[in-house]
Amino acid sequence: MKSVVIQQPEVLVIEERPVPQPQAGEVRLRVESAGICGSDVHIYRGHNPFAKYPRVIGHEFFGRIDAVGEGVDASRVGQRVVGDPVVSCGHCYPCLVGRPNVCTSLQVIGVHRDGGFSEYITLPAKNAHVVPDSIPDREATMIEPFTIAANICSQMNPGPLDVALVYGAGPMGLTSIQALRGVYGVKEIIVADRINERLAMAKENGADRVINNTDIDLTTELAKLGIRPTLIIDAACHPSILPEAIGLASPAARIGIMGFSSDPCVINQQGITSKELTIYSSRLNSNRFPMVIDWMNSKKIHPEKLITHQFDYTQVVEAMEIFEKDPKFCCKVLLKF
Ligand code: NAI
Ligand code: MN
Ligand code: ZN
């Protein structure tokens, strides 16, 4: 089989590898399509602290089960499935409290173990979620990115009284905007980004108001407009954002962060406690695939709006370069296998 392998930072090769055999409790997928994510590019460029090389990248993948290992129901062969990249032990504290995404021995497919940019992949049977026929292949490939939004939103519990502020209109911001609009029905969604084309996408994906904060102070601008956000999602993930969000938040607001920057940021307790703010963090997803499949099936979210490009996997280098260099016009890129 052919696999997209990052042999070491900056070295991507399409390698011939043996088709893997599913182990006990596993299924094998014939991968049909996969999505490119910022973290794939980070592994390619050597900027992911968790990655070990060589690595088959890809954690957003869809395909059909073509073989099962011992102990897995043979009737699963032929199922259309999407893979949850979170592989967890099932018995540590986070696993026992329903948070396998931060398992003490977490293995993320495409990061810690080989991923979905490959003609075949094996994974635990419980990580392969059946996709109803009503969801086309391309949309099914988008389930994983929406599980990130589902995970942060499930924790923050948005509602009709919320005035939401989303920082960043990349794939993560846009999936969150779609969920806030289509699933949770918040009162108003304001989006801040530095790129006008991305702000235009934010509007198409459900934002009521967009603000380009390249040259303006967002706190001042929101004060001028009389807006005090009650729910803030940081999907831009610059260290300067959390202190700003704490300052501009309404009393009793919730703030959700998902960045991995190791740079410090300065916050003070008074800013948080005086307004009794709640700060959530969210990593990947904890069993959110069934939820997102339901959202898609009931048309509460619209994954096609995010897909701007599609390539054959043999053009993976070109696809990654467009994804990296063209944030104005490129959002989600799919690879066909
Ligand atoms: P992206 O780079 O496509 O989008 C980020 C957007 O934020 C860009 O449009 C950029 O112009 C904007 N931005 C940057 N600084 C800003 C600022 N100060 N104010 C307003 N907007 C600003 O990235 P993507 O794929 O949407 O991911 C966003 C972040 O989420 C990344 O940092 C990524 O590492 C993180 N992430 C976290 C996950 C988790 O599970 N916690 C999962 C996936 C991504
Ligand atoms: Mn991703
Ligand atoms: Zn565990």
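Residues numbered from 1 in each chain as written. Chains lettered and ligands numbered in written order. Predicted model: local features only at pLDDT ≥ 70, side-chain atom pairs only at ≥ 80, totals over all residues. Heavy atoms only, no water.

Q: Please clarify how the overall build of the chain should be interpreted in this entry.
A: Each helix and strand in the chain was counted, giving 11 helices and 18 strands. What you see for the chain is a C-alpha radius of gyration of 20 Å, in line with the 20 Å of a compact globule of 337 residues. Along the first, second and third principal axes, the C-alpha set of the chain runs to 60 × 40 × 40 Å. Long-range pairs, those at least 24 residues apart, make up 71% of the contacts in the chain with a sequence separation of at least 6. For the chain, the exposed surface amounts to about 14,300 Å²; the carbon and sulfur share of it is 52%. Computed over 33 positive and 37 negative side-chain charges, the inter-centroid distance for the chain is 4 Å. (Helix = DSSP H or I, 4+ residues; strand = E, 2+ residues; numbered from the N terminus. Rg over C-alpha atoms; globule rule 2.2 N^0.38 Å. Contact = heavy atoms within 4.5 Å. Areas by Shrake-Rupley, 256 points an atom, 1.4 Å probe, with all protein chains shown as cover. Lys, Arg positive; Asp, Glu negative; His and termini not counted. Charge placed at Lys NZ, Arg CZ, Asp CG, Glu CD.)

Q: I tried to follow the site of ligand 1 on my own but got confused; where do I start?
A: Not every one of the 21 residues close to ligand 1 is listed here, only the nearest: M172, D193, R198, S282 and L284. Between ligand 1 and M172, the relevant distance is 2.9 Å, taken from an oxygen atom to a main-chain nitrogen or oxygen of the residue. Measuring from an oxygen atom of ligand 1, one finds a side-chain N or O atom of D193 at 2.6 Å. Out of a free accessible area of 860 Å², ligand 1 has 78% covered by protein chains. (Near = heavy atom within 4 Å. Polar contact = N/O pair within 3.5 Å; in protein donor to acceptor, adjacent residues only side chain to side chain.)

Q: I keep staring at the sheet that holds strand β2 (residues 11-16) and nothing clicks. Help me out?
A: Note on sheets: strands pair through backbone hydrogen bonds, and any given pair is parallel or antiparallel. Strands sit in the order β2-β1-β4 across an open sheet of 3 strands; the sheet is antiparallel. One side of each edge strand has no neighbouring strand; the edge strands of this open sheet are β2 and β4 (55-56). In the sheet, strand β1 (residues 2-8) pairs with β2 via 6 bridges, with the strands oriented antiparallel. Paired with I6 across the strands is L12, a residue of β2. (Pairing = 2+ DSSP bridges.)

Q: What exactly am I supposed to notice about the coordination of the manganese ion (ligand 2) here?
A: Ideal coordination angles are 109.5 degrees for a metal with four donors arranged tetrahedrally and 90 or 180 degrees for a metal with six donors arranged octahedrally. The manganese ion (ligand 2) binds to the protein through C37 (SG), H59 (NE2) and E60 (OE); the donor distances cover 2.1 to 2.6 Å. Expressed as a motif, the donor residue spacing for the manganese ion (ligand 2) is C-x21-H-E. Assessed through its relative accessible area of 0%, E60 is described here as buried. (Donors = N, O, S within 2.8 Å, 3.2 Å for Na, K, Ca; no water. Buried < 20%, exposed > 50% of the residue type's maximum accessible area, 1.4 Å probe, protein only.)

Q: Help me understand the coordination of the zinc ion (ligand 3), please; the structure alone is not making it clear to me.
A: For the zinc ion (ligand 3), the full set of protein donor atoms is C89 (SG), C92 (SG), C95 (SG) and C103 (SG), and the range of their distances to it is 2.3 to 2.4 Å. Because the angles between the 4 donor atoms bound to the zinc ion (ligand 3) fall within 104 to 118 degrees, the donor set is best described as tetrahedral. Counting along the primary sequence, the residues that act as donors to the zinc ion (ligand 3) give the motif C-x2-C-x2-C-x7-C. Overall, C89 belongs to the partly exposed group, its relative accessible area being 25%. Here C95 falls in the buried class, since its relative accessible area comes to 12%. (Tetrahedral: all angles 85-135°; square planar, octahedral: opposite > 155°, others 65-115°.)

Q: Please explain the sheet that holds strand β12 (residues 188-193) as it appears in this structure.
A: Pairing in this open sheet of 6 strands is parallel, and the strands run β13-β12-β11-β14-β15-β16 from one edge to the other. Of all strands in the sheet, those with a lone pairing partner are β13 (209-212) and β16 (278-281), marking the two edges. Ignoring strand direction, the axes of neighbouring strands in this sheet form an average angle of 15 degrees. Where strand β14 (residues 231-234) lies against strand β15 (residues 254-257), 4 bridges are found, and the strand directions are parallel. Bridge pairing in β15 links I232 to I255. Relative to the sheet, helix α7 (residues 218-225) contacts β11 (163-167), β12 and β13, its axis offset from that of β13 by approximately 145 degrees. (Axes fitted to C-alpha atoms, helices over the stretch in contact; angles between N-to-C directions.)

Q: What exactly am I supposed to notice about unusual backbone geometry here?
A: What you tend to see is this: most non-glycine residues have negative phi, and most peptide bonds are trans. Of the consecutive residues Y53 and P54, the connecting peptide bond is found in the cis state with omega at -5 degrees. Mapped onto the elements, P54 comes out in the loop between α1 (38-45) and β4. Phi angles above zero are rare outside glycine, and A252 is one such case at about 70 degrees. Judged by its relative accessible area of 56%, A252 falls in the exposed class. Unusually for a residue other than glycine, N287 sits at a positive phi of about 55 degrees. Mapped onto the elements, N287 comes out in the loop between β16 and α10 (289-297). Look at N287 and you get exposed, because its relative accessible area is 53%.

Q: Looking at this model, I keep getting lost on the pairing of β15. Mind explaining?
A: The side chains of a regular strand alternate, residue by residue, between the two faces of the sheet. Viewed along the sheet, the connection from β14 through helix α8 (residues 241-248) into β15 turns out right-handed. Taken together, the 4 bridges between β15 and β16 define a ladder with parallel strand orientation. Paired with R254 across the bridge in β16 is T278. (Right-handed = clockwise from strand over helix to strand, strands pointing away.)

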